[in-house]
Amino acid sequence: MGSLSVYPNPARTTVNVKIDAPNLAGQTAATELVMHDSQGRIVLRQPATSISGEDATLDVSNLPTGMYIVHWVKDNVWLDSERVVVE
């Protein structure tokens, strides 16, 4: 289906998210990025503005230091996940 990469890792202010899914290019409806903390709480949710194109940017400057998981979600299905450390 595709893959998700998150950088820089560790991050301080922003996290760039790249989605590589050639067979979904141009489809953004019902596609979003969801970030959970280590206790499973959703701390950030935003639409994925682009698939197989520009990187999405997540503002993590207000999050406490710790480990988080960024999920790529389409039509309520988790397609891929990546861990990120916020310093």
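No experiment lies behind these values; they were computed from the predicted model shown.

A word on the pairing of strand 7 (residues 77-86). Taken residue by residue, a regular strand's side chains alternate between the two faces of the sheet. Both strand 6 (residues 66-74) and strand 7 contribute to a ladder of 9 bridges, which runs antiparallel. Each residue of the ladder has a partner; that of G66, found in strand 7, is V86. Hairpin connection of strand 6 to strand 7: 2 residues between the antiparallel strands, including D75 at a positive phi of 55 degrees.

This part takes up the nonpolar core. Buried together is how nonpolar side chains tend to be arranged in soluble globular proteins. In terms of nonpolar packing, the biggest core is built from 20 residues, with L4, V15, V17, L33, M35, L58 and V70 touching the most fellow members. Discounting residues that sit within four places of it in the chain, V17 has contacts with L4, S5, V6, L33, D55, A56, L58 and V70.

A few words now on the pairing of strand 6. Bridge count for strand 3 (residues 31-36) against strand 6 is 6 bridges, and the pairing is antiparallel. Note that in strand 6 the partner of E32 across the bridge is V73.

Let us look at the side chain of H36. You can see H36 is positioned in strand 3. On the accessibility criterion, H36 (10% relative accessible area) is buried. A polar contact is formed between the side chain of H36 and the side chain of H71, at a distance of 2.9 Å. Beyond its immediate sequence surroundings of up to four residues, H36 is in contact with R41, I42, V43, Y68, I69, H71 and W78.

Relative to the helices and strands, Y68 resides in strand 6. Residue classification places Y68 among the buried positions, given a relative accessible area of 4%. When the C-alpha atoms of Y68 and I42 are compared, they prove to be 9.7 Å apart, with 26 residues separating the residues in sequence. If we ignore the near neighbours within four places in the chain, the residues touching Y68 are M35, H36, D37, V43, L63, E82, R83, V84 and V86.

Thresholds applied
- The residue count restarts for each chain, going from 1 along the sequence in the order it is written.
- Whole-chain, interface and lining totals are the exception, using all residues; otherwise, since this is a predicted model, local features are given only for residues with pLDDT of at least 70 and side-chain atom pairs are given and counted only at 80 or more.
- Calculated side-chain values reflect all of the structure's heavy atoms, with hydrogen atoms and water omitted.
- Any two strands with at least two DSSP bridges between them are considered paired.
- Strands here mean DSSP runs of E at least two residues long; helices mean DSSP runs of H or I at least four residues long; both are numbered from the N terminus.
- Throughout this description, the term nonpolar core refers to a set of buried Ala, Val, Leu, Ile, Met, Phe, Trp, Tyr and Cys residues connected via side-chain atoms within 4.5 Å.
- Residue exposure (1.4 Å probe, protein chains only): buried if accessible area is under 20% of the type maximum, exposed if over 50%, otherwise partly exposed.
- When checking whether two residues touch, look at their non-hydrogen atoms; a contact exists if any pair is within 4.5 Å.
- Pairs of N or O atoms are called polar contacts if they sit within 3.5 Å, as long as, within protein, a hydrogen donor faces a hydrogen acceptor (for residues adjacent in sequence, only side-chain-to-side-chain pairs).

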